[in-house]
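Observations on chain architecture
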Amino acid sequence: MQLDTQALKDACFHLAKNTMWDLRPVDVADIQAHAENLFKEAKQLEEFIVGQERDPNMLIRAVRYLDQTHAIPPMKNDTWWFYNMLSAIIELACPNMVPDQESLEIFKDIEKGMTVARAMAEPSEAQK
């Protein structure tokens, strides 16, 4: 599979817009510059994902997840938090180290969290 670079750029721009938000107007050039930096950070993980024989478009999904859950104005144009969180998400999705029994326990917690998230996202019977 090939990475949809435009979709990744769009996801990075949306995230940049959220982190750069302010009560006063923010120059779109500043948002675009930050989005480009985020894109470069995300792109660094593409080779790792492909090396794991996985879909590199998971980068887009991971950036969208970070945008929805962690992209807040105090982050401004910082990319450190972004790369570290994105790397952790990708490592969970594409493990390349054999975990020991103690560290394997976190996967049970993650599985439970995924079950809860999916249940929250599914429309209830009343909504159908």
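Residues numbered from 1 in each chain as written. Predicted model: local features only at pLDDT ≥ 70, side-chain atom pairs only at ≥ 80, totals over all residues. Heavy atoms only, no water.

The next point concerns the packing of helix α1 (residues 5-19) against helix α4 (residues 58-69). Interaxial distance between α1 and α4 falls to 9 Å at its minimum, and their mutual angle equals 15 degrees. Classified by the interaxial angle, the pair formed by α1 and α4 is roughly parallel. Here α1 and α4 pass one another in a crossing that is left-handed. For the pair α1 and α4, the contacting residues are Ala7, Leu8, Ala11, Cys12, His14, Leu15 and Asn18 in the first and Leu59, Ile60, Val63, Arg64, Leu66 and Asp67 in the second. (Axes fitted to C-alpha atoms, helices over the stretch in contact; angles between N-to-C directions. Helix = DSSP H or I, 4+ residues; strand = E, 2+ residues; numbered from the N terminus. Parallel < 35°, antiparallel > 145°, perpendicular 65-115°, else oblique. Left-handed = near helix turned anticlockwise from the far one by under 90°. Contact = heavy atoms within 4.5 Å.)

One number sums up the size of the largest pocket: a volume of about 690 Å³. Elements supplying a minimum of two residues to the lining of the largest pocket: α4, α5 (80-93) and α6 (101-121). A per-element tally of the lining of the largest pocket places α6 first, with 8 residues. Residue classes in the lining of the largest pocket are distributed as 13 nonpolar, 2 polar and 4 charged. (1 Å grid on protein atoms, 1.4 Å probe; cavity = no way out; pocket = protein on both sides within 12 Å on 5 of 7 lines; lining within 4 Å. Points joined across faces, edges and corners; volume = space filled by probe spheres on them. Nonpolar A, V, L, I, M, F, W, Y, C, P; charged D, E, K, R; others polar.)

Geometric values such as these leave the question of function open.
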